[in-house]
Amino acid sequence: MKALVLSAGVRPAGYSLPRQIVPIANKPVLEYVVENLRDVGITEIGIVVGEGAQEISELFGDGSYLGVSITYIQQDLHLGLAHCVRIARPFLGDDDFVMYMGDNVLVEGIGQIADEFARLRPSAQVLVDKVEDPRLYGVAEVDENSRVTRLIEHPQEPRSDLAMIGVYFFTPAIHTAVDAIEPSWRGEFEITDALQWLVTHERDVRARMYSGFWKDTGKVEDVLECNRELLMGLRTDIQGIVDDESTLIGDVVVEEGARVVRSCIVGPAIIGAGTLVEESIIGPYTSIGADCRITESGVADSIVLNEASVHNVSGIETSLIGRRARVGSARQHRLVVGDGAHVEVAA
């Protein structure tokens, strides 16, 4: 089995990183995806890339450091998920494959659905979960045996609350379906339409409920929620330097080359390699990236990306600070600061 990972989406506003490689708990979102695939024995991975191709390929290379082989597939026009399958056909060949949205985090992995697909081998199997507003998703209607009877993209009057959450298992039958469909009203080749084509032609399409934590990391609040969830799995690991005047409470990771000086860190929290935390309080659910400087400040429930600096700031919470950003002289702010920004707010 192969994997097709879709990572050609747009960048978050204000950030130069593609959202698939924004770090959560100091690891890019896409790395969690690759690890989930590797953990079920899938090592041949095609990544569909767009304008963020260079950043993604520089970060992951050929995939060997993660124990996989990565092939990059360029998508110059955003023509839908089914179009991604179409352009990836030379890579996919006639193998079964899993298609995985590259900005989705599924904390418990995909082991159970992979096993079920291998055992039953339907034409397609989709991962679903109940959502509050199905109108925002592709929605599956299923019978009592978990067979899909109807699929519709962004329904105005949903008849089901089962949303497809970005992981699809396919046999080569999907290629016939993809070739048969026309663009939707959005001008895109919808994977939902290809799945519906299979259903209409009496192919076996099944839905599998996902019972674990998952998030599409397209919004800042979702990124922060994922950060909290992933940090809860931390175990204390001190590779850097923590001086005698500092206090660590709970599970805290201090990576190699990091220094904690006259500070208090309340876990779960992670301090990236080469970062200085001095005379500061780092609250729980905080990820500080590599080579940052946090001085005379308080930061909690936040993500600070690489090479950012925060000085003389109290009460930063639920914030996302971009790479190389500088924030100073602020108090009690929820901040979303883009890469390279310089923020000075009077206390």
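Because the structure is predicted, anything quoted here is derived from the model rather than measured.

A.B. asks: Is there a simple way to think about the overall build of the chain in this case?
C.D. replies: When its secondary structure is counted, the chain shows 8 helices and 32 strands. In terms of C-alpha radius of gyration, the chain reaches 22 Å, essentially the compact-globule figure of 20 Å for 347 residues. The principal-axis extents of the C-alpha atoms in the chain amount to approximately 70 × 40 × 40 Å. Split into buried and exposed, the 347 residues of the chain put 53% on the buried side. Of the contacts made within the chain by residues no fewer than 6 positions apart, 49% connect residues no fewer than 24 positions apart. Working note: accessible area of the chain is about 15,100 Å², and carbon and sulfur atoms make up 46% of it. Each charge class in the chain can be summarised by its mean position, and for the 30 positive and 53 negative side chains these summaries are 3 Å apart.

A.B. asks: Just to check I follow, could you spell out the pairing of strand β4 (residues 44–49) for this structure?
C.D. replies: Here is the key point about a regular strand: its side chains alternate between the two faces of the sheet. Across the 6 residues that make up β4, a large majority, 5, are buried. Both strand β1 (residues 2–7) and β4 contribute to a ladder of 5 bridges, which runs parallel. For Ser7, the partnering residue across the bridge sits in β4 and is Val49. When β4 meets strand β5 (residues 69–74), the two strands line up parallel, connected through 6 bridges. Bridge pairing in β5 places Val49 opposite Gln74. Following the chain from β4 across helix α2 (residues 53–60) to the adjacent parallel β5, one finds a crossover that is right-handed.

A.B. asks: I would appreciate a short explanation of the side chain of Thr171 in the present structure.
C.D. replies: Tracing the backbone through its elements, the reader meets Thr171 in the loop between β11 (162–170) and α6 (173–180). Aside from chain neighbours lying at most four places away, what touches Thr171 is Asp96, Phe117, Arg121, Pro122 and Ser123.

Parameters and conventions
- Residues numbered from 1 in each chain as written.
- Predicted model: local features only at pLDDT ≥ 70, side-chain atom pairs only at ≥ 80, totals over all residues.
- Heavy atoms only, no water.
- Helix = DSSP H or I, 4+ residues; strand = E, 2+ residues; numbered from the N terminus.
- Rg over C-alpha atoms; globule rule 2.2 N^0.38 Å.
- Buried < 20%, exposed > 50% of the residue type's maximum accessible area, 1.4 Å probe, protein only.
- Contact = heavy atoms within 4.5 Å.
- Areas by Shrake-Rupley, 256 points an atom, 1.4 Å probe, with all protein chains shown as cover.
- Lys, Arg positive; Asp, Glu negative; His and termini not counted.
- Charge placed at Lys NZ, Arg CZ, Asp CG, Glu CD.
- Pairing = 2+ DSSP bridges.
- Right-handed = clockwise from strand over helix to strand, strands pointing away.

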